[in-house]
Every structure is written in structure tokens, then in C-alpha cells.
Amino acid sequence: MNAVLLAVKWLCLVWAVTWPVTMVTGIRNPGHLRRRHKDVYLGEHSKNKHRGRIDHKLMRQDSTKSLLIKTEQLLRIEEHDFAMRPGFGGAAIPVGIDVQVESIDSISEVNMDFTMTLYLRHYWKDERLAFPSRSNVSRTFDGRLVKKMWVPDVFFVHSKRSFIHDTTMENIMIRVYPDGSILYSVRITVTALCSMDFSSFPLDTQNCSLELESYAYNENDLMLYWKNGNDSLRTDEMVLSQFFIKKFHPSSGLAFYSSTDSISADSFLYFLSQDLAFSRDAFPSPTISLSLALSLSLSLSLYLGWYNRLYINFILRRHIFFFMLQTYFPTMLMVLLSWVSFWIDRRAVPARVSLGVCVCVCVCVFQVSYVKAVDIYLWTSFLFVFLSVIEYAAVNYCSTLEEMRRLKRGKLPTSYNTSKAMAFDGCFHDSDIELTPFPRLPTSMTSSHHRTPLQNPEDPPIEGTRLRRQRSVQENVDLLLSNSYLIDSYSRMAFPLSYLLFNTIYWSMYSS
């Protein structure tokens, strides 16, 4: 009994000591219980899916600083149907586009495509996502909010592959402003088609473009435009292995689609005028013609549509230095090497033939079904090498004919061996060979043939009198056949001048 009384006394003493401290803490923190009550109130309302509204007192505050409000509640996502575009049934919603090209990863001539990494930014206004804010501060979200709201369905025309970068999270950013303005940015890598023309390869210039367009909304529902005009396209400094970028510029246009095929605007107006003309001939009544025209236009409106399309255009110029080292310079050297045979003795058959045959350049490039500029250069160079071999065949044939004539005339000894005779413009000859002097010109070609009977040899020629007539073609041919070394002499000048003329025409045509 004494122990119980002692315990009661201790409890009374502890209560008497702690009661004043509790009263003082309650006075100093009068809003503690109210904030706790408010947290419970918001928690209950946030769990209520049927109501889903924010407390009216909190709406009067700056909601951008309220940490207790969920994103769905702040943007009132559950109150609207975001499967429909903003302003559905009204005017077309303008969507501004801003692109920053990060890099051009690859350009494939074989597949005729290019791969580009870029930042694609969309700007539009959706008043359904407006929220109250006194400081006009925006809110930024990641890609998890994209599936809960409406975003433009922009796609890349003629794209083969594309993906959104997802390391470490999806590279998507959404920024919502208090008035409902939205910035939607995404980082994409896309591989798109580029129709290339290689008729001037490797001195070619390629025009490629990346095209953006809305997939479902035509110009009556969505209007794509460059937000800042020509400044909407920005590029980082890029260095490519085979090309250098001459120009980046944006442009815009319209694309027309039908239920079966796409036609131009002129074709559409032509067919429409033809149908209306047929209706006037078949139905003279204006009422019937007007009704048919209205029904025709109504049916066309169900199947046809114009879509806004934006273009990212860039011009690529190929680096020529690599092909100069790998193709053009070796080919030029081989052609020059084939001309060395013009200075080798025409009796040295193995040296001249092997020198012309061994001149060959193998160049492996991608295959197309038409002639390229490099093909023209290579085949023309091969033609010059081939003609140098043909030139030696002509020299050898003419030399053989000349020797046979001399043999028939008895001017060559019977012990003469043609394989040992070395005749190079009379500089070195076999001792057994009886060389004839340089052939005299025919008497018909002398000046005495043209003298008049009254004119003395000592008298100066009369003004206007021709002293020497032009040789005929037959005489020139006979002269070359009888003096085969002249073919080599003429070839030493004709081949280099012809090849120089070809190079001048070639580089002036394809380099411009």
C-alpha cells in the first residue's frame, strides 16, 4: 500500500513539472496544429479520384511554390481529354519548330542516306495546362509527363531509322509556363534518304534535306512553321571525313496527299476544272451543276489534304584531295610513263611493249548504272596508254615495210639480221647497213617546176607566185612510211598536247 501511494506522488510531481513547458510550446507555435491539419486535409483530397481538385485557399497562393500539390492536380490533367488537340474544332494550332543540329554522323553513297543527331524543339500553347503563378515561373518536367498530355505528332519524311536517346533517362524535356505555353524538346538520331547524283563524282556536290511534317493533322488542324525564321536552324561546328558543309538553311512548303497517290496543286485544279466542265455539259441546269460541284468538293475534302512541311537543307561538297592522291595522280603518272616509249629505240620490242602493257591503274569505287566523272578520266587515260601501244605497232610496221623495200632493191646485205639493227634517227647503225641519204623531194615539188619560161633562176620571184605547193595526203603517208622515225617524233608532241587539252576541258567542266 505504501508503494502504490509513493508511485502516485511521483506521477503527480512529473505532471506538475512538464505542464508549463507544453503550454509555452503551444503558444510559441500556434500554427503547428493547423499545418498538420492542413496536411491531412490535402492528403485526403489527393486520394479522392472523383473530386481531384485543389483546396480553394491554396489556389489563391503561388502554386509554383506549393510542394504539396501533384503535377496532375497543378496542370488539371484529369479534367481534360488530351487525346484531342488544343482548340479542337476551331482554327489550326500554330506549332513553332526550332532545330539545333549536333552532328552528321555518317553519309553513305551506297545506301544513299545520311545519319544526323539533332535537338528538336516544339513551341505551342495549350490553355488547358495553364496554372496560377504570381512570379510567372515555369515548371520543367521529364518524359514521364508526355504520355499524359497532347504533343504534336511530328515525324521525319523519308526516314529509314530513328530513335530517341535514353541514356541515362529519355532525353525529353517539357517546360510549361503559367499561361499554357509549352516547350517540348527531344534529342533524336535519324537516318533519312538523300537522293544523290554521282555523274560528277568525285567532283560532285550533293543537296540533302531532312523533312518534318505532322502525320495526322493537315493544315486545317496544325500549322508548322519555323519559330525564328532562318535563325531557327543552328548547327555546331562539324568536320566530316569526305565532305565539307557549304551551307545550312531552312525552308518550308506544302505536301499534298490523296487516298491513293499524291499530286501537285496544278494537277488538282486541272482535274477539278475538267470535272466541273463535264458537269456543265451533262447537266445544263445551274442548280444541278452547283450541287454536283458541291458534292464533288465535299468528296475531295474527305480524301485530300495539304500538310505543312519543313525542310532542313544542307549542301555537301566532296573533298577532292583524297581522290587526287588515290586516283588522279597515279593515272597521270601512268600516262606519262607510257610516253617514255617514244624515246626508246623502235627496235627494242620487249622494252616498248612491256612498258605500254604494264601501265594499268585499278580503282574500286561504288557501282552505279551511269557514267561518273572519274570513269571518263580513267577511260580516257587508258585510251592514251592504248594509243601509245598502237603507235609503236605502227612504227614497227612501217619500219618492216621500209626494210623489205630495201631488201628487194638489194641495198641490204644477205647476211643482214634485222634483230640486231639499231636505227634511231641515224644516230646509231649497224656497220653492214648501207644507209641511203634522206630522200630527196620529188622534182615536182622543186621551185623550178613553178618557174615561168621567161623567168631566170637568178631573178627574184614575182609577187604572188607560190614557190612550193602543198603536199597531198598520199605524199605525207608515203613520207611517213619511208621514214618511220617521224611517227615517234610527231607523237612526242601530239600526245602531251592532246592530254593537256583533255585535262583543261575536264577540270574546267567538272570543277565549276
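Throughout what follows, the structure given in this document is the object of discussion. (Residues numbered from 1 in each chain as written. Predicted model: local features only at pLDDT ≥ 70, side-chain atom pairs only at ≥ 80, totals over all residues. Heavy atoms only, no water.)

With that settled, consider the sheet that holds strand β4 (residues 154-157). Here we have 4 strands laid out as an open sheet, ordered β4-β8-β12-β11, and antiparallel in their pairing. The open sheet terminates on both sides in strands that have one partner only, identified here as β4 and β11 (243-257). Sheet twist, expressed as the mean angle between neighbouring strand axes with direction ignored, is 25 degrees. Summarising the sheet, β11 and strand β12 (residues 305-318) pair through 14 bridges and their orientation is antiparallel. Paired with alanine 255 across the bridge in β12 is tyrosine 307. (Pairing = 2+ DSSP bridges. Helix = DSSP H or I, 4+ residues; strand = E, 2+ residues; numbered from the N terminus. Axes fitted to C-alpha atoms, helices over the stretch in contact; angles between N-to-C directions.)

Apart from glycine, the bulk of residues carry a negative phi angle, and the bulk of peptide bonds sit in the trans form. Residue threonine 168 is bonded to the preceding threonine 167 through a cis peptide linkage, with omega at -5 degrees. Cis geometry is found at the peptide bond from phenylalanine 201 to proline 202, where omega equals 5 degrees. Note on placement: proline 202 falls in the loop between β7 (181-193) and β8 (205-214). We note that methionine 112 has phi near 55 degrees; this positive angle belongs to a residue other than glycine. Along the chain, methionine 112 falls in the loop between β1 (93-108) and β2 (113-125). In this structure, histidine 158 takes a positive phi of about 65 degrees despite not being glycine. Checked against the element boundaries, histidine 158 lands in the loop between β4 and β5 (159-164). For histidine 158, a relative accessible area of 47% gives the class partly exposed. (Buried < 20%, exposed > 50% of the residue type's maximum accessible area, 1.4 Å probe, protein only.)

Okay, the nonpolar core next. Among the nonpolar cores identified, the biggest contains 72 residues, and Leu75, Ile97, Val99, Phe114, Leu120 and Leu210 are the most heavily contacted of them. A per-element tally of this core places β1 first, with 7 residues. Setting aside chain neighbours within four positions, we find valine 99 in contact with Leu118, Tyr119, Leu120, Trp226, Ser232, Leu233, Arg234 and Ile312. (Core = buried A, V, L, I, M, F, W, Y, C linked by side-chain atoms within 4.5 Å. Contact = heavy atoms within 4.5 Å.)

What you see with strand β9 (residues 222-226) is a clean split: Leu222, Leu224 and Trp226 sit on the buried side and Met223 and Tyr225 on the side with no burial. Looking at chain direction, β1 and β9 are connected through 5 bridges and run parallel. Across the sheet, residue proline 94 finds its bridge partner in β9, namely methionine 223.

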